[in-house]
Amino acid sequence: MSERRKFLKRFFRLSLFGGLGIGGVYLTTQKQNNESVNEVCQRDGLCRQCPLLKKCGTPTARSYKEAIK
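Quantities reported herein were computed from a predicted structural model and do not represent experimental measurements.

*Asks:* It is not clear to me how a nonpolar patch on the surface should be interpreted in this structure. Could you clarify?
*Replies:* Together, Phe7, Leu8, Phe11 and Phe12 give the surface a local cluster of nonpolar side chains, amounting to about 430 Å² of exposed area. Inspection of the secondary structure puts Phe11 in helix H1 (residues 3-39). Residue classification places Phe11 among the partly exposed positions, given a relative accessible area of 44%.

So, in structure tokens, the structure goes:
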């Protein structure tokens, strides 16, 4: 096998594994961020002007989103 072919094969493998690693870290941190939003209400149940309303999963927020449809 030629040196160029070995280099390209190694390059693509490392790129693939690096991309998978970065993607895994991204998905893990996104999940943690979403869970932290769902756990504690930052506005004491006042959803109308909350900047986190779209991501929030608290019962009060879900009820408010359903009511404004």
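*Asks:* Would you take a moment to explain the environment of Thr28 for this structure?
*Replies:* Structurally, Thr28 can be placed in helix H1. Judged by relative accessible area, which is 45%, Thr28 ranks as partly exposed. Only 2.8 Å separates the side chain of Thr28 from the backbone oxygen of Gly24, close enough to count as a polar contact.

*Asks:* Help me understand the packing of aromatic side chains, please; the structure alone is not making it clear to me.
*Replies:* Note on aromatic pairs: each is described by the distance of the centres and the angle between the planes. Scanning all chains against the criterion turns up two aromatic pairs. Relative to Phe12, the ring of Phe11 lies with its centre 5.5 Å away and its plane at 70°, an arrangement referred to as edge-to-face. Residue class for Phe12 comes out exposed when judged on its relative accessible area of 54%. Here the aromatic residues Phe7, Phe11 and Phe12 are joined through ring pairs into a cluster of three or more.

*Asks:* Quick question: what am I supposed to make of the environment of Gly57 here?
*Replies:* Looking at where Gly57 falls in the secondary structure, it is placed in the loop between H1 and helix H2 (59-67). Exposure remark for Gly57: the relative accessible area of 22% places this residue in the partly exposed category. The spacing of Gly57 and Cys41 is 16 residues in sequence and 9.5 Å in space, taken between C-alpha atoms.

The rules behind these values
- Residues numbered from 1 in each chain as written.
- Predicted model: local features only at pLDDT ≥ 70, side-chain atom pairs only at ≥ 80, totals over all residues.
- Heavy atoms only, no water.
- Patch = residues over 30% accessible without salt bridge, like charges linked within 9 Å, V, L, I, M, F, W, Y side chains within 5 Å.
- Areas by Shrake-Rupley, 256 points an atom, 1.4 Å probe, with all protein chains shown as cover.
- Salt bridge = Lys/Arg side-chain N within 4 Å of Asp/Glu carboxyl O.
- Helix = DSSP H or I, 4+ residues; strand = E, 2+ residues; numbered from the N terminus.
- Buried < 20%, exposed > 50% of the residue type's maximum accessible area, 1.4 Å probe, protein only.
- Polar contact = N/O pair within 3.5 Å; in protein donor to acceptor, adjacent residues only side chain to side chain.
- Phe/Tyr/Trp six-rings, centres within 6.5 Å; stacked < 30°, edge-to-face > 60°.

Shape descriptors only; they carry no functional weight alone.
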